[in-house]
Amino acid sequence: MEFKFGGSETNQKTVLGHPSGLFVLFFTEMWERFSYYGMRALLVLFLVSTLLDGGWAWERSEALQLYGLYTGLVYITPIFGGLIADKLLGYRNAIVVGALLMTLGHASMALEGITSIFFYLGLFLLIIGNGLFKPNISSMVGQLYKNQGKEKDAGYTIFYMGINAGAFLGILLCGYIGEKVGWHYGFGLAGIFMFFGMLQFYYAQKIFARIGLSPKGTVDFDDAIEDSIEEINDDLEEVVDEAKKSKVTRDRLIVIGVLAFFTIFFWWAFEQAGGSMTIFANDYTDRVLTGAGANTFKIVNTILTIVPMLIITWVLTMLFRQTFSKFALSNILLGTSFVIIWIIVIWMLVREFQSDQTDVPASWFGILNSFFIIAFAPLFSKIWQSKYNPTGPIKFAIGLILLGLGFGILAYGSMSIPLGAKTASVSMIFLILAYLFHTLGELCVSPVGLSYVSKLAPVKLVGMMFGVWFVANFIANWTAGITGSYIDPIVEEYGMTTFFLIFTLVPIGAGIIMIILNKTLLKMMHGIR
Ligand code: GLN
């Protein structure tokens, strides 16, 4: 009998209509993003906090530069990670090795108190590990489906939910524990779940049958690299020839270039989240709540935490039902990670209910992005399926404008901050609304990214165009840190409002240009939507 999906017989058993292997990838990615975003939430806060508070007492500018470099470099290594998996290791091995390196990276960071070298070694391992992990787990999702189309797109949407569920829990818990208990514990917690994610994946691998196995039996690193460079050159020559011939290919490649260029503006502003916006949350936002305010926050925070936890636990039980008989060990390891996470969640919520005053952690605001994604994604996909489905460039433009408006709210909220102030007590409503607008923007931009690249590029150039896309993300994240690092001199000379106006006006300007370019870009896509 012909199988409907790729992979083993067990993979044919479905969860929510999708192959059960999708959920193995979902939970692996969930724990990886837990670790990535959990650590990202703490990085800048840890670096700038005083020695007395266990931090490194860095200047804001230094911390934001390191933040930019780190979050940028995690997008450079995937170019090589994808190549190594394709030619050498196979996707599955690359994912396991990447996850192991990241586990060691988090462990190393947790030992930062012994010597600072461990901290930098940790960052290095995370950058390398991410390169092997992220591109390859993403392409395995696609390989579960036999043909392109709606089902595969839906598979990626579910996977995106895994990303955000992980980011949500990671920022919530690593952030809370890092800020309130101790930085090492926060960093360490990120590592523990990365490890569980890896084990869970490792022991469930057979569910994928031949998907993601290493391409060759034996492996010679130098040969493989040489081969792939030759192959790329050949492909490039061929495509350049054809492009000369075909205006269509050339036009489509230009469209990818334009989209990649505008993508830089989006993530450049968006990635202020773990950088200057975290500084703003820490030092310029009133995070102390008492009385009715504290009670409201406790109740909202409890619902915000428990509801997503219940949903993913429910998904977990469905996966168990389909795969426990064949992959008990993997299931038990995953189940154990869930027991631990539930214990931590309940401990945190009870601890908060016991105190009269609530000190909202500065990292807490970061959870709003992933929470709003999970909450609004269904609504947005309904809108895109209705007659109100704008073209890709218009969606992109709306996303940029919403992002800019989010920063406009922060600029407005900052008007009471005096020139050069190092602290202030602005209401937290501004940050909450900013994150809401940023997320609405992300929901417009995210469908236009990688799927457009894969549709517009000629098959032979898809890999390379993904590379272009990653480089755009690198530039965006890196320059996000660099721009953020000027926060102090800008606040001194022009004020906080001006600082946030930069991130208001540039994306809105980019969005308007995109609207103007819409018709031209559509023509140049030659029928691809
Ligand atoms: N939030 C998504 C992730 O972490 C996308 C981030 C991005 O493309 N820069 O995977």
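Refer to the structure printed above.
Residues numbered from 1 in each chain as written. Predicted model: local features only at pLDDT ≥ 70, side-chain atom pairs only at ≥ 80, totals over all residues. Heavy atoms only, no water.

## Digging into the overall build of the chain
Move 1: The secondary structure content of the chain amounts to 19 helices and four strands.
Move 2: In terms of overall dimensions, the chain is globule-like: its C-alpha atoms have a radius of gyration of 23 Å, near the 24 Å expected for 529 residues.
Move 3: For the C-alpha atoms alone, the extent of the chain along its principal axes is close to 65 × 55 × 50 Å.
Move 4: The buried share among the 529 residues of the chain stands at 57%.
Move 5: Sequence-distant contacts, at least 24 apart, represent 84% of the contacts inside the chain between residues at least 6 apart.
Move 6: For the chain, the exposed surface amounts to about 22,300 Å²; the carbon and sulfur share of it is 67%.
Move 7: Positive and negative side-chain charges in the chain, numbering 34 and 36 respectively, have mean positions lying 12 Å apart. (Helix = DSSP H or I, 4+ residues; strand = E, 2+ residues; numbered from the N terminus. Rg over C-alpha atoms; globule rule 2.2 N^0.38 Å. Buried < 20%, exposed > 50% of the residue type's maximum accessible area, 1.4 Å probe, protein only. Contact = heavy atoms within 4.5 Å. Areas by Shrake-Rupley, 256 points an atom, 1.4 Å probe, with all protein chains shown as cover. Lys, Arg positive; Asp, Glu negative; His and termini not counted. Charge placed at Lys NZ, Arg CZ, Asp CG, Glu CD.)

## Considerations on the environment of S139
Move 1: Relative to the assigned elements, S139 resides in helix α5 (residues 116-143).
Move 2: In sequence terms S139 and Y156 are 17 residues apart; their C-alpha atoms lie 9.9 Å from each other.
Move 3: With near-sequence residues (within four places) excluded, S139 lies in contact with Y91 and Y156.

## Examining the packing of aromatic side chains
Move 1: Overall, the coordinates contain 46 aromatic pairs when judged by the stated rule.
Move 2: Geometrically, the ring pair formed by Y176 and W347 is edge-to-face, given 5.9 Å between the ring centres and 85 degrees between the ring planes. A residue pair is termed long-range when its members are at least 10 positions apart, and Y176 in helix α6 (residues 150-180) and W347 in helix α12 (residues 328-354) qualify at 171 residues.
Move 3: Here Y176 falls in the buried class, since its relative accessible area comes to 4%.
Move 4: Three or more aromatic residues link up through ring pairs in this structure, and these residues are F23, F26, F27, W31, F34, F193, F196 and F338.
Move 5: Geometry around W384 places K395 over its ring, the cationic atom sitting 4.8 Å from the centre. (Phe/Tyr/Trp six-rings, centres within 6.5 Å; stacked < 30°, edge-to-face > 60°. Lys NZ or Arg CZ within 6 Å of the ring centre and 35° of its normal.)

## Some points on the site of the ligand
Move 1: Close contacts around the ligand come from R33, Y37, Y75, K134, I163, W267, E442 and N473, and that covers them all.
Move 2: Within the side chain of R33, an N or O atom sits 2.8 Å from an oxygen atom of the ligand.
Move 3: N473 places a polar side-chain atom, nitrogen or oxygen, 3.3 Å from a nitrogen atom of the ligand.
Move 4: Contact with the protein chains removes 85% of the 300 Å² of surface that the ligand exposes when unbound.
Move 5: Its residues assigned to classes, the shell around the ligand comprises four nonpolar, one polar and three charged. (Near = heavy atom within 4 Å. Polar contact = N/O pair within 3.5 Å; in protein donor to acceptor, adjacent residues only side chain to side chain. Nonpolar A, V, L, I, M, F, W, Y, C, P; charged D, E, K, R; others polar.)

## Observations concerning a negative patch on the surface
Move 1: Together, E226, E230, D234, E237 and D241 line one region of the surface with negative charge.
Move 2: Structurally, E230 is set in helix α8 (residues 221-245). (Patch = residues over 30% accessible without salt bridge, like charges linked within 9 Å, V, L, I, M, F, W, Y side chains within 5 Å. Salt bridge = Lys/Arg side-chain N within 4 Å of Asp/Glu carboxyl O.)

## Considering the environment of L51
Move 1: Here L51 shows up in the loop between α1 (20-48) and α2 (60-73).
Move 2: For L51, the contacting residues outside a window of four places in its chain are W56 and A57.

## Topic: the packing of α6 against helix α13 (residues 367-385)
Move 1: Look at α6 against α13: their axes get within 8 Å of each other, and the N-to-C directions meet at 145 degrees. The two elements α6 and α13 meet at a crossing, and its hand is left-handed. The segment α6 lies against α13, with Y160, M161, N164, A165, A167, F168, I171 and L172 engaging I367, S370, F371, I373, I374 and A377.
Move 2: Grouping the amino acids of the contact of α6 with α13 by side-chain chemistry returns 12 nonpolar, two polar and no charged. (Axes fitted to C-alpha atoms, helices over the stretch in contact; angles between N-to-C directions. Left-handed = near helix turned anticlockwise from the far one by under 90°.)

## Focus on unusual backbone geometry
Move 1: For A57, which is not glycine, the phi dihedral falls at a positive 55 degrees.
Move 2: Positionally, A57 belongs in the loop between α1 and α2.

## So, the side chain of R60
Move 1: Here R60 shows up in helix α2.
Move 2: By relative accessible area, which is 8% here, R60 ends up buried.
Move 3: At 2.9 Å, the side chain of R60 forms a polar contact with the side chain of Y284.
Move 4: From its side chain, R60 meets the backbone oxygen of K422 in a polar contact 2.9 Å long.
Move 5: Excluding anything up to four places from it in sequence, R60 contacts V48, I279, D283, Y284, K422, I487 and D488.

## Notes on helix α3 (residues 77-89)
Move 1: For α3, spanning 13 residues, the distance from its first C-alpha to its last is only 15 Å, which falls clearly below the expected 18 Å at 1.5 Å a residue.
Move 2: For α3, the set of buried residues is T77, P78, G81, G82, A85 and L88. (Expected span 1.5 Å × (residues − 1).)

## Let's talk about the packing of helix α4 (residues 91-110) against helix α7 (residues 183-202)
Move 1: Relative orientation of the contacting elements α4 and α7 amounts to 160 degrees, with a least axis distance of 8 Å. Regarding the angle of α4 to α7, the classification is roughly antiparallel. Every pair of crossing elements has a handedness; the one defined by α4 and α7 is left-handed. Here α4 contributes R92, I95, V96, A99, L100, M102, T103, H106, M109 and A110 to the contact with α7, which in turn contributes H184, F187, G188, A190, G191, M194, F195, M198, F201 and Y202.
Move 2: Of the residues that constitute the contact of α4 with α7, the class distribution is 14 nonpolar, five polar and one charged. (Parallel < 35°, antiparallel > 145°, perpendicular 65-115°, else oblique.)

## Considerations on the environment of I177
Move 1: By secondary structure assignment, the location of I177 is in helix α6.
Move 2: A relative accessible area of 11% places I177 in the buried class.
Move 3: In this structure, the C-alpha to C-alpha distance between I177 and L47, residues 130 residues apart in sequence, is 16 Å.
Move 4: Residue contacts for I177: discarding those within four places in its chain leaves G182, Y185, G186, L189, I344 and W347.

## Description of the side chain of S49
Move 1: Following the sequence through the fold, S49 ends up in the loop between α1 and α2.
Move 2: Sequence-distant contacts of S49, defined by excluding residues within four places in its chain, comprise G54, G55, W56, A57 and W183.

## Some remarks on the pattern of salt bridges
Move 1: Per the stated rule, a full pass over the model turns up 11 salt bridges.
Move 2: Among the ionic pairs, K134 bridges to E29, the shortest N-O distance being 3.3 Å. Of this pair, K134 sits in helix α5 while E29 sits in helix α1, placing them 105 residues apart in sequence. With respect to class, K134 is no different from E29; both count as buried.
Move 3: Bridged by salt links that share partners, the residues R60, D283, K422 and D488 form one connected network.

Geometric values such as these leave the question of function open.
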